[in-house]
Amino acid sequence: MVSRLAVKGGDATRTRPWPVWPQPAPGVADVVADVLASGRWSISGPYRGTDSYERRFARAFASYNGVPHCVPAASGTASLMLALEACGVGAGDEVIVPGLSWVASGSTILGVNAVPVFCDVDPATLCLDPRAVEALITERTRAIVVVHLYSALADMDVLNRIAERHGLPLIEDCAQAHGATYRDVRAGALATAGTFSMQHSKVLTSGEGGAVITRDADFARRVEHLRADGRCLADAPPAPGAMELVETGELMGNNRCLSEFQAAILTEQLTILDEQNERRRANAALLDERLAGLGLRPQSTSEGTTSRTYYTYAVRLPDGELETAPITAVTDALSAELGFSAAPCYAPIPANRLYAPHTRRRYTLGLVHEERIDPKRFALPVCEDSARRTVTLHHTALLGDAEDMDDIAAAFGKVLRHGAELAL
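Within each chain, residues carry numbers counting from 1 in the order of the written sequence. In view of the model being predicted, local features appear only for residues whose pLDDT reaches at least 70, and side-chain atom pairs are presented and counted only at 80 or more, with totals across whole chains, interfaces and linings using the full set of residues. To get the side-chain values, take all heavy atoms of the structure and skip hydrogens and water.

Some thoughts on the sheet that holds strand E12 (residues 297-298)
Now for step 1: Ordered in space as E12-E14-E16-E15, the four strands form an open sheet in which the pairing is antiparallel. Both edges of this open sheet fall to E12 and strand E15 (342-344), since each of them pairs with a single strand only.
Now for step 2: Two strands pair under a simple rule: DSSP has to find at least two bridges between them. Helix and strand definitions here come from DSSP, where helices need a minimum of 4 consecutive H or I residues and strands a minimum of 2 consecutive E residues; each element is numbered from the N-terminal end. Taken together, the three bridges between E15 and strand E16 (residues 390-394) define a ladder with antiparallel strand orientation. Pairing of Ala343 across the sheet is with Thr392, part of E16.
Now for step 3: Residues are treated as being in contact if the distance between any of their heavy atoms lies within 4.5 Å. Each axis is a line fitted through C-alpha atoms, and for a helix only the stretch in contact is used; angles between axes span 0 to 180 degrees, taken between their N-to-C directions. The sheet contacts of helix H9 (residues 327-338) involve E15 and E16, and relative to E15 the element is tilted by about 170°.

Here's what the structure looks like:
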């Protein structure tokens, strides 16, 4: 009998093309050309008598998020590393972080010689479980990092109370949450600091890039020094041709700066972020309705969420269905039906093949440290179960229309009906 599933040789549910990402804002070409001709391609280049695009983006992104301070950086990883070091996190300190996230959530903590303590997640939101967080706090805990994952915001009310009770900084990793709000406050403005990624796949992108936002002026100044080899921007403009970065000697740093090309692109992309986010939200609501009717469970968000950002659409397979099929077989089948990549959710970081501290000599800081960072010591049952049963779609799929959501639902329905063919 010939299978009807496309992955087995049948006809695909959809053959029409999908939207393409990234989608440049109308002014991007002009500002890139402006940088090209400006004689200043970096914040460390000579001052040319006008504000750098890095300064312009910093002001615009701080204003967008309702905070006074934004320090752009080279990547989301750089941003999180800067925030950790600005909090004083260093050698041997423990940092609590969700076990279900992109691998950089763990490797960046290693990168400041600290010890990531992986925490289980809430099964509905896939974000940090506050009860699990409190159980992991020890005298060595120096910070908590909360990741707003896929399209959900974590329970910031409870997490802030826990952080305050124990006197710990709380860092929001908002790499997937640009523009989301919690009790009408932007993600990233809810705790000590918020860190962002502007990597290619993100809803606000310049190919690569990042930023740290905060309400704390002293914290922002430390981040500035850490990201520019110990220098910070001058309070007043220098003479044309002079350096705008001042060597203060306050704090040693490294070069983790954003280029002027990236800052110019981000300044323009920010102008269309809200409209794109609204389109994604509207399509996600349609998809929620269609997939819930098939017995699937779309990712939920915490009670305080007032506006979601859909970096990724995540949905859990129905209980009792496709349980003998590997999740990769399910996502391969959906991808073949749609002509668009469906993927499992992230592997728990301790089980992720990309998370391998033993392959880097820089982490061989003694037997005790190596034992503390050994990923095998963590048991994360909710993360592990979620990884076996969750399917994700990149936000590009949500930039279409209702017919596109119908196609996605039709593909899920078809795979569910013929799922026996995917069983081991």
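A look at the nonpolar core
Now for step 1: Counting 95 residues, the largest nonpolar core has Phe61, Leu84 and Ile144 as its most contacted members.
Now for step 2: For this core, the element with the highest residue contribution is helix H3 (residues 76-86), accounting for seven residues.
Now for step 3: If we ignore the near neighbours within four places in the chain, the residues touching Leu84 are Val89, Val95, Thr108, Ile109, Val112, Val145 and Ile171.
Now for step 4: Leu287, Ile327, Ala397 and Leu398 belong to the second-largest nonpolar core, a separate cluster that totals 32 residues. Working definition of a nonpolar core: buried Ala, Val, Leu, Ile, Met, Phe, Trp, Tyr and Cys residues. They are joined through side-chain atoms within 4.5 Å. Each residue is placed in one exposure class: buried if its accessible area under a 1.4 Å probe, protein chains only, is under 20% of its type's maximum, exposed if it is over 50%, and partly exposed if it falls in between.

Quick look at helix H11 (residues 381-389)
Now for step 1: Of the residues making up H11, those classed as buried are Cys383, Ser386, Ala387 and Arg389.
Now for step 2: Tucked into the core, H11 has its buried residues touching strand E3 (115-119), strand E14 (312-316), H9 and E16.

What about the packing of aromatic side chains?
Now for step 1: Two rings belonging to Phe, Tyr or Trp (six-membered ring only in the last case) form a pair when the distance between their centres is within 6.5 Å. Interplanar angles under 30 degrees mark stacking, angles over 60 mark edge-to-face geometry, and anything in between is tilted. On inspection of all chains with the given rule, the structure shows 10 aromatic pairs.
Now for step 2: Consider the rings of Trp18 and Phe340, whose centres lie 5.2 Å apart with planes at 50°: the pair is tilted. Here Trp18 is found in the segment before helix H1 (28-38), whereas its partner Phe340 is found in the loop between H9 and E15, with 322 residues between them in sequence.
Now for step 3: The exposure class assigned to Trp18 is buried, which follows from its relative accessible area of 11%.

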